[in-house]
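# Structural characterization, general
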Amino acid sequence: PGDNNRSITMNIRQKLQAILLILLILFTFATYREGNTVWLQWLSVACILSFMMVFDYSFTNESSFMFDPDADNWRRKTEALNA
C-alpha cells in the first residue's frame, strides 16, 4: 500500500511540474517584445525546469537508479545483481 500511495504522489507531482512548465512557456511567449530581453529570463527558467523533469522521469523508479556512496556496499549490491 505504501508504494501505491508513493507512485500516486509522484504522478501528481510530475503533473504539477508539467503544468508549471506549460505556464512558464506561455509566460515566455507572452513577454516577447522587440528589443526586450525579459523573455530570455523566462526561457532560462523553463529550460531549467524541463531538464529537471527529464532527470525526474529518468530516476524516479527505485529499480532504475541506485545510489550508495560507500564503495563496498555498492560493490556487494552490483555483484549480487550480476550473479
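Refer to the structure printed above.
Residues numbered from 1 in each chain as written. Predicted model: local features only at pLDDT ≥ 70, side-chain atom pairs only at ≥ 80, totals over all residues. Heavy atoms only, no water.

### Examining the side chain of Thr28
So the rule is basically this: Secondary structure elements follow DSSP: runs of H or I of four or more residues count as helices, runs of E of two or more count as strands, with numbering from the N terminus. Think of it in three bands: residues with accessible area under 20% of the maximum for their type are buried, residues over 50% are exposed, and the middle band is partly exposed, with areas taken using a 1.4 Å probe on protein chains only. The criterion used for residue contact is that any of the two residues' heavy atoms lie within 4.5 Å.
Within the element layout of this structure, Thr28 appears in helix H1 (residues 2-30). On the basis of relative accessibility, which here comes to 8%, the residue Thr28 falls in the buried class. Once residues within four sequence positions are removed from consideration, Thr28 is found in contact with Trp39, Trp42 and Leu43.

### Quick look at the packing of aromatic side chains
Just so we agree on the cut-off: Classification of ring pairs rests on two measures: the distance between centres of Phe, Tyr or Trp rings, Trp counted by its six-membered ring, which must be within 6.5 Å, and the angle between planes, read as stacked under 30 degrees, edge-to-face over 60 and tilted in between.
This structure, assessed with the given rule, holds 2 aromatic pairs. Taking 5.1 Å as the distance between ring centres and 50° as the angle between the ring planes, the aromatic pair formed by Phe27 and Trp42 counts as tilted. One end of the pair, Phe27, is in helix H1; the other, Trp42, is in helix H2 (residues 38-59), with 15 residues separating them in the sequence. Residue class for Phe27 comes out partly exposed when judged on its relative accessible area of 42%.

### What about the nonpolar core?
Inclusion rule: Buried Ala, Val, Leu, Ile, Met, Phe, Trp, Tyr and Cys residues form a nonpolar core when they are joined through side-chain atoms within 4.5 Å.
Core analysis: the biggest nonpolar cluster contains 5 residues, these being Leu21, Leu24, Ala46, Leu49 and Met53. Looking at this core, the elements with two or more residues in it are H1 and H2. At 3 residues, the largest contribution of residues to this core is made by H2. Among all residues touching Leu21, those that are not within four sequence positions of it are Ala46, Leu49, Ser50 and Met53.

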